[in-house]
Amino acid sequence: MSEKKIMLELKDMTKKYPNGDGVEHIGLQVNEGEIVTLLGPSGCGKSTILRTVGGFLDVTSGDIEINGRSIIHLPPEKRPTAMVFQSYNLWPHMNVYENLAYGLKLRKMPAEEQKTRITEMLDMVGIPGMEKKFPSQLSGGQQQRVAIARSLLLKPELLLLDEPFSALDAKIRHQMREELKKIQQNLGITVLFVTHDQEEAMAISHRIVVMNKGKIDQIGSPADIYDNPGTLHVASFIGEMNFIESEGKTIAIRPEDITVLPEGQGDLEGEVRTIMLLGHYVVLTVQQEENVIKCNIDRAQSETLQVGDRVSLKLGKHTVFDRAQE
Ligand SMILES: Nc1ncnc2c1ncn2[C@@H]1O[C@H](COP(=O)(O)OP(=O)(O)OP(=O)(O)O)[C@@H](O)[C@H]1O
Ligand SMILES: [Mg+2]
């Protein structure tokens, strides 16, 4: 495997708005060809970071480097970045071709080359032949494809995407994710992606940066973050998780990591409260002292159980948190 090259680096970057909100001490390295996602609840500072990288916001302190060079004093158009906002920002009075050609004209690309590249790009983003349509004649998904095409035509080294798919319905959103991954691989481009949707982050990213209240909680691969959450916030934000209070500690364990056994054979004793069939598997809830614990079991096992049965839970992979530390 080739050596990883750091493309983007945020060095102890702080951005404070006059009212005191913002992000603090952000340290992050993004390698060339990587998709890294900023993930966290609304207001945690994801867009703030993206805008400082794109050059739409000044930093308060710290530095941002691209290919080892500080970029914080460069205006957006001098940075090797392109940003796609949540609202597509297409010009309504221009058709698709004109929207796409605008930036190329500014760069004085010959008209013939513009045409070739726009045709190719519309093909790549899956909307060939749409040149003559106006934004108002396109669906949300098609407009977003045009917005992505427009930013890719500028051949940015780093593509910044702020919740690009959040306005789309679930089916189109899934399709767009797949296509973005393909385009990213084909072009070998580096992507900094923002979402508050943990499933989207897991599906799309090489690495995820989980944020909370203006700070980074954890950086890791989707599997790292899922298997070894570093904080209670990460544990509760990613996937389904039980929090079992026991002897002053909190045990975080996923429903799929619990085995339901006959009374006396596991780690914790409880009583079956509900049994819910969810297709190919069954969710059982078990009352254990003050805890209500969700467990995933298979259908065959669920048929041997009834509400009110005493059972024992064997805990598989889990993380123990000290409540006081959080
Ligand atoms: N221009 C601004 N002036 C003052 N405060 C701001 C400004 N923009 C954002 N904030 C505040 O900074 C914090 C981070 O905002 P930011 O937009 O980065 O969050 P976000 O993670 O992108 O949220 P969302 O998921 O809702 O888009 C929030 O508390 C927000 O209210
Ligand atoms: Mg935002």
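Criteria and cut-off values
Residues numbered from 1 in each chain as written. Chains lettered and ligands numbered in written order. Predicted model: local features only at pLDDT ≥ 70, side-chain atom pairs only at ≥ 80, totals over all residues. Near = placed C-beta within 6 Å. Helix = DSSP H or I, 4+ residues; strand = E, 2+ residues; numbered from the N terminus. Pairing = 2+ DSSP bridges. Axes fitted to C-alpha atoms, helices over the stretch in contact; angles between N-to-C directions. Buried ≥ 20, exposed ≤ 12 C-beta atoms within 10 Å, placed from the backbone. Contact = placed C-beta atoms within 7 Å. Parallel < 35°, antiparallel > 145°, perpendicular 65-115°, else oblique. Left-handed = near helix turned anticlockwise from the far one by under 90°. Nonpolar A, V, L, I, M, F, W, Y, C, P; charged D, E, K, R; others polar. Domains from an automatic or database assignment.

### Quick word on the site of ligand 1
Next, step 1: Taken together, 13 residues form the shell around ligand 1, and within it Tyr 17, Ser 42, Lys 46, Ser 47 and Thr 48 come nearest.
Next, step 2: Considering each element in turn, the shell around ligand 1 owes the most residues, three residues, to helix α1 (residues 46–54).

### Examining the sheet that holds strand β14 (residues 268–278)
Next, step 1: Spatial strand order, β13-β17-β14-β15-β16: five strands in an open sheet with antiparallel pairing. Two strands in the sheet have a free side with no partner beyond their single neighbour: β13 (258–262) and β16 (291–298). Across the sheet, the mean angle from the axis of one strand to that of its neighbour is 45°, orientation sign disregarded.
Next, step 2: Sheet topology places strand β15 (residues 281–288) next to β16; eight bridges connect them, and they run antiparallel. Across the sheet, Gln 288 pairs through a bridge with Asn 291, a residue of β16.

### Overview of helix α2 (residues 96–106)
The periodicity of an α-helix, 3.6 residues per turn, causes residues three or four positions apart to be oriented the same way.
Next, step 1: Among all positions in α2, only Val 96, Asn 99, Leu 100 and Ala 101 are buried.
Next, step 2: Looking at the buried residues of α2, the elements they touch are α3 (111–124) and α4 (140–153).

### Overview of the packing of α3 against α4
The description of two packed helices rests on the angle between their axes and on the distance between the axes.
Next, step 1: Contact geometry of α3 with α4 gives a least axis separation of 10 Å together with a crossing angle of 135°. In terms of their interaxial angle, α3 and α4 are classed as oblique. Like other packed secondary-structure pairs, α3 and α4 cross with a definite hand, here right-handed. Here α3 contributes Arg 117, Met 121 and Leu 122 to the contact with α4, which in turn contributes Ala 149, Leu 152 and Leu 153.
Next, step 2: In terms of residue class, the contact of α3 with α4 is made up of five nonpolar, no polar and one charged.

### What to know about the sheet that holds strand β5 (residues 69–70)
Next, step 1: Strand order across the open sheet formed by four strands is β2-β1-β4-β5, with antiparallel pairing between neighbours. Bordering the open sheet on either side are β2 (22–31) and β5, each of which pairs with just one other strand.

### Digging into the packing of α2 against α4
Next, step 1: Between α2 and α4, the least distance of the axes is 9 Å, while the angle of their chain directions is 25°. By the angle class used here, α2 and α4 are roughly parallel. Once α2 is placed against α4, the crossing between them reads as right-handed. Residues Val 96, Asn 99, Leu 100, Gly 103 and Leu 104 of α2 lie in contact with α4, whose contacting residues are Val 146, Ala 149, Arg 150 and Leu 153.
Next, step 2: Residues of the contact of α2 with α4, tallied by class, amount to six nonpolar, two polar and one charged.

### Here's the deal with the domain arrangement of the protein chain
Next, step 1: Segmenting the protein chain into domains produces domain 1 (6–233) and domain 2 (244–325).
Next, step 2: Centre-to-centre, using C-alpha coordinates, domain 1 lies 40 Å away from domain 2.
Next, step 3: Between domain 1 and domain 2, the residue contacts involve four residues of the former and five residues of the latter.
Next, step 4: Partitioned by chemical class, the residues of the side of domain 1 that touches domain 2 number two nonpolar, one polar and one charged.

### Notes on the environment of Leu 104
Next, step 1: Turning to its location among the elements, Leu 104 is positioned in helix α2.
Next, step 2: On the basis of neighbour count, Leu 104 is assigned to the partly exposed category, with 19 C-beta atoms found within 10 Å.
Next, step 3: Placed 138 residues apart in sequence, Leu 104 and Asn 242 show a C-alpha to C-alpha distance of 52 Å.
Next, step 4: Every residue in contact with Leu 104, bar those within four places of it in the chain, is listed here: Met 109, Gln 114 and Leu 153.

### Brief notes about the pairing of strand β3 (residues 35–39)
Each regular strand shows side chains that alternate between the opposite faces of the sheet.
Next, step 1: Within β3, five of the five residues are buried, which leaves the element mostly enclosed by the surrounding structure.
Next, step 2: Burial along β3 is two-sided: the residues Ile 35, Thr 37 and Leu 39 and Val 36 and Leu 38 are all buried.
Next, step 3: Two strands pair when backbone bridges link them, and β3 and strand β8 (residues 190–195) are joined in this way by five bridges, in the parallel orientation. For Leu 39, the partnering residue across the bridge sits in β8 and is Thr 195.
Next, step 4: In the sheet, β3 pairs with strand β9 (residues 207–212) via four bridges, with the strands oriented parallel. Paired with Leu 38 across the two strands is Val 209, which belongs to β9.

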